[in-house]
Amino acid sequence: MRQGTGRRRQHGDNGHDEKGEGRKAIHDRTIPGWSYICSPARAENGRLRSAALVFSLTIRFHKGPAVPDSETIAMRLTRYFLPILKEPPREAEIVSHRLMLRAGMMRQEAAGIYAFLPLGFRVLQKICQIVREEQNRSGAIELLMPTIQSAELWRESGRYEAYGKEMLRIQDRHEREMLYGPTNEEMITEIFRAYVRSYKDLPLNLYHIQWKFRDEVRPRFGLMRGREFLMKDAYSFDLDQAGAQHSYNKMFVAYLRTFQRLGLKSIPMRAESGPIGGNLSHEFIILAQTGESEVFCHKDYLDFAVPGANVNFDDVAGLQATVDQWTSQYAATSDMHDAAAFAKVPADKQVSARGIEVGHIFYFGTKYSAPMKAVVATGAGGEVPVHMGSYGIGPSRLVAAIIEASHDDAGIVWPEAVAPFKVALLNLKQGDAGTDGACAQLYKDLTAKGVDVLYDDRDERAGGKFATADLIGLPWQVMIGPRGLAEGKVEVKKRADGSREMMSPAAALDLLSK
RNA sequence: CGGGGCGUAGCGCAGCCCGGUAGCGCAUCUGCUUUGGGAGCAGAGGGUCGCAGGUUCGAAUCCUGCCGCCCCGACCA
């Protein structure tokens, strides 16, 4: 995994070798949360006995700001690990759960606990990367906190007793009370107070992408409502409420951008206000026919503009204007629904649909900073507890949510931004010199252009390859068979609308490498 | 946590009521024929029937206990 050039040569076909400079990218490759890779250094000193490291994990940090996803992955299906199922296991009820199992994306290991198989993992990585880029763009700073926390920390905020059975409580060998973190407000507050003393260090927004555990009474719907789930949680620190409002607005805008980039239409909906009151709490809902809850909103939300990549996050008035627009009309989930208020929306503007919560942001003032004494010196002398907010996005849930929002009878229809591969290359007559040669050439050419391509080189009939390609939902399918090749053409199909076109391999290469 | 249901081959299921040492489809392996929307024929491998007790000459089947999983509800990212 490190520098073994000999080893890399063996894997010559996965495309890493095609590009010399790809090596560094792989090395620094961001892996959401962490990677289970035991580094030589770790193995040698071997004395790390921290309870959090019982699995000999090495945590590799991702360096610096957004890493463009430039790593090209090409793969031959015969060498990949893609356990497709014709029939989904009986327990899978909702469409995303069924499709994820059928497409070999994940496997259930216990109730509400899943392993991500390679295809699913790639989607999760892509989602995390987009989330990360937009967090960074807004000025938030990534760190990584542990999954295991001490009960002591939670006693300070009073939540150890208050949290209830959803919190997984565990004991280490010294019978110290620990817990598997369901969230990290206490820990981030502890980190903040340890180092930050002055208003001059504010504002500050720290986030991480880490696994959480909530011992739901009844986990269900596959990844949508698992017990273990990956979460991006950001925490903002400001001197006062006005500052906190701006921090909130930054995240609000970052969320609009994040979900748009993921290929989703998201609508911020008023959520239950925090202990401070006001209206600084929103759930971000994406619309999906099979969504978990009923939502009601004004039709204009579907056409509001999402700020571009050049949005100025330091423009206080500008961000406020954006947030004002995006909160100007009626939008509520069923539990916050006010039928009378909704009735005032013009009939032709009323949208009632189903949705899935994929993000939640809120301001909670000094709820943790006051009891935990996270205070800073003000410019006027004296100290005040900082005003905080927290902002969550569930990348693992998003994998399922995107499928709920984007699928058809044949399978998944991935938005291009999160697709595990961009192109499925189907050799319709494996073993035929003509198709084999044409496929090999296009495979090589696409890889050289940096296009993620999954080459179905199995000795399967064409029908089986079509079905598999539709199921796993890659945005583009290139079908190469003797029929088209007789005229020097290949067929390119767009998964999203099923449209297909015969074209020369050169034209296909051009189209797909744009 | 209340209510319901299910654990038999990798997946989907039958067999259980009425006890006699396990079967079907798909998948997998071999061979031949096929080859543009999940092919056909022939053959093969694979299961301590969730676990533990009990009843019986004999238990997948009957009884008891436990474990796991799913669905509805309450709850939540």
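Conventions we followed
- Residues numbered from 1 in each chain as written.
- Chains lettered and ligands numbered in written order.
- Predicted model: local features only at pLDDT ≥ 70, side-chain atom pairs only at ≥ 80, totals over all residues.
- Heavy atoms only, no water.
- Helix = DSSP H or I, 4+ residues; strand = E, 2+ residues; numbered from the N terminus.
- Buried < 20%, exposed > 50% of the residue type's maximum accessible area, 1.4 Å probe, protein only.
- Contact = heavy atoms within 4.5 Å.
- Areas by Shrake-Rupley, 256 points an atom, 1.4 Å probe, with all protein chains shown as cover.
- Salt bridge = Lys/Arg side-chain N within 4 Å of Asp/Glu carboxyl O.
- Pairing = 2+ DSSP bridges.
- Axes fitted to C-alpha atoms, helices over the stretch in contact; angles between N-to-C directions.
- Near = heavy atom within 4 Å.
- Polar contact = N/O pair within 3.5 Å; in protein donor to acceptor, adjacent residues only side chain to side chain.
- Nonpolar A, V, L, I, M, F, W, Y, C, P; charged D, E, K, R; others polar.

A. View of the overall build of chain A. Helices and strands together make up the secondary structure of chain A, namely 16 helices and 24 strands. Residues classed as buried in chain A amount to 50% of the 514 residues present. Considering only intrachain contacts with a sequence separation of at least 6, the fraction spanning at least 24 residues in chain A is 71%. Within the structure as shown, chain A displays about 23900 Å² of accessible surface, and the carbon and sulfur contribution to it stands at 50%.

B. Representation of the pattern of salt bridges in the model. What the rule picks out here adds up to 26 salt bridges. When the shortest N-O distance is used, the salt bridge between D452 and K126 registers 3.4 Å. Taken together, the residues span a long stretch of sequence, with D452 in the loop between α13 (433–448) and β21 (453–456) and K126 in helix α5 (residues 118–137) at a distance of 326 residues. On the accessibility criterion, K126 (13% relative accessible area) is buried. Between E134 and R137 there is a salt bridge, with the nearest N and O atoms lying 2.9 Å from each other. In this pair, E134 and R137 both sit in helix α5, 3 residues apart, roughly one turn of the helix. Residue classification places E134 among the buried residues on the basis of a relative accessible area of 0%. It is possible to trace a salt-bridge network through shared partners that takes in E133, E134, R137, R257 and R261.

C. Just the environment of F342, in detail. Summarising the element assignment, F342 is placed in helix α11 (residues 339–343). Of the residues examined, F342 reaches a relative accessible area of 8% and is grouped as buried. Those residues in contact with F342 that lie beyond four places of it in its chain are F296, C297, Y330, H337, Q350 and V351.

D. Summary view of the sheet that holds strand β1 (residues 74–76). Taken in spatial order, the 6 strands of this open sheet run β1-β21-β20-β22-β23-β24, and their pairing is mixed. Each edge of the open sheet carries a strand with a single partner, namely β1 and β24 (500–503). Adjacent strand axes in the sheet meet at a mean angle of 20 degrees when their direction is disregarded. With 5 bridges connecting them, strand β20 (residues 423–427) and strand β22 (residues 476–480) associate as parallel partners.

E. The arrangement of the protein's contact with RNA strand B in detail. In the vicinity of RNA strand B lie 38 residues, with G226, E357, D470, E491 and R500 positioned nearest. Near the protein, meaning within 4 Å, the atoms of RNA strand B are sugar or phosphate in a fraction of 45%, with bases accounting for the rest. Between RNA strand B and R214, the relevant distance is 3.5 Å, taken from a sugar or linking oxygen to a side-chain nitrogen or oxygen of the residue. Among the secondary structure elements, those contributing two or more residues to the surface near RNA strand B are β2 (106–110), α14 (462–472), α15 (482–485) and β23 (490–494). A per-element tally of the surface near RNA strand B places α14 first, with 7 residues. For the surface near RNA strand B, a count of residues per class yields 11 nonpolar, 7 polar and 20 charged.

F. Looking closely at unusual backbone geometry. Residue P203 is bonded to the preceding L202 through a cis peptide linkage, with omega at 0 degrees. Relative to the helices and strands, P203 resides in the loop between α8 (185–195) and β8 (204–213). In this structure, F221 is a non-glycine residue whose phi angle is positive, near 60 degrees. Tracing the chain through its elements places F221 in the loop between β8 and β9 (228–238). Looking at F221, the relative accessible area reads 35%, which means it is partly exposed. You will see that K373, though not glycine, has its phi angle at about 55 degrees, which is positive. Along the chain, K373 falls in the loop between β14 (350–365) and β15 (375–377). Among the residues examined, K373 registers a relative accessible area of 61% and is labelled exposed.

G. Molecular detail of the environment of E501. Take E501: it is sitting in strand β24. Residues E501 and E491, spaced 10 residues apart in sequence, show a C-alpha to C-alpha distance of 5.5 Å.

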